[in-house]
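# Architecture and fold: a report
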Amino acid sequence: LRAVDPGFDERNVLTADIGIPEAKYPTPERRNQFFDRVRQRVGELPGVEVAAWIDSVPLQGGSTQYVLPQGWPAVQDSELPTVAVRVPSPGYFRAARIPLVAGRDFTDADAYTAPGVLILSERTAQRFWPGENPLGKRVTMKMISDEPFEVVGIVGEVKMGSLDAGVSDSETAIYVPAAQLAFGGSTLFVRTAVAPQSIAPAVVAAIRAVDAEQPVLNIQTME
């Protein structure tokens, strides 16, 4: 298992869980504003290379959903393909060192009110449209929206569930921009140029500078 390539670089990464209260941040705009301000403040700290968010980091569980790729026949949900769905901010793939294979990364322009976009893992793209260019095609995620999301990028494969997992539905992935779903809970994912633990107090202080009452949980290294 130590020799397995997980698809990301776990070294020099600090993670921390944050869940903001709905009563205090009742709208998508306010939730996104909080996470954007934290990402900016943490990203400016000495020793930080990239700060980003994702709803569930690899190997720690997360959502698996039925999806309908463009061109596939409409069938019952139980017959649709299932994939892991993850919700990162801009900068996550750089922070995790997950290679961008084709297309583009998410940007701040992929906002809550912008057209829905997504990024696929390589194996997901091959499975949905073998031998075709997936960029520009669309996927409907029925648990999220009836409106299809456009494929704008392809990234490398990541072990989602466990290091010893083989090729399965749950190991392929779709990524949706965090701002377009505006969840109230995410994991801060910080790539550092120094020992990750050494900047933990500064990271917490940066979060408290945005909201002095905000708890920060499960502060630990990705390793």
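Summarised in this report is the structure supplied together with it. Note that the structure is predicted; figures quoted are calculated from it, not measured.

Looking now at the pairing of strand E5 (residues 82–86). For E5, the buried fraction is high: five of the five residues fall into the buried class. Neither face of E5 is exposed, since Thr 82, Ala 84 and Arg 86 on one face and Val 83 and Val 85 on the opposite face are all buried. By the bridge criterion, four bridges tie strand E3 (residues 63–66) to E5 in an arrangement that is antiparallel. Bridging from a neighbouring strand, Tyr 66 pairs with Thr 82 of E5. Here three bridges tie E5 to strand E10 (residues 173–175), and the two strands are oriented parallel to one another.

Once that is clear, we can look at unusual backbone geometry. In most cases, non-glycine residues show a negative phi, while peptide bonds are predominantly trans. Positive phi is not limited to glycine here, since Ala 182 has a value of about 55°. Inspection of the secondary structure puts Ala 182 in the loop between helix H4 (178–181) and strand E11 (185–192). Assessed through its relative accessible area of 4%, Ala 182 is described here as buried. Backbone geometry at Asn 218 places phi at a positive 50°, although glycine is not the residue there. Within the secondary structure, Asn 218 sits in strand E12 (residues 217–221). By relative accessible area, which is 48% here, Asn 218 ends up partly exposed.

Here Gly 61 shows up in the loop between strand E2 (48–54) and E3. When the C-alpha positions of Gly 61 and Leu 1 are compared, they lie 18 Å apart, and in sequence the two are 60 residues distant. Contacts of Gly 61, omitting those with residues within four sequence positions, involve Ser 56 and Arg 86.

Definitions and limits used
- Residues numbered from 1 in each chain as written.
- Predicted model: local features only at pLDDT ≥ 70, side-chain atom pairs only at ≥ 80, totals over all residues.
- Heavy atoms only, no water.
- Buried < 20%, exposed > 50% of the residue type's maximum accessible area, 1.4 Å probe, protein only.
- Helix = DSSP H or I, 4+ residues; strand = E, 2+ residues; numbered from the N terminus.
- Pairing = 2+ DSSP bridges.
- Contact = heavy atoms within 4.5 Å.

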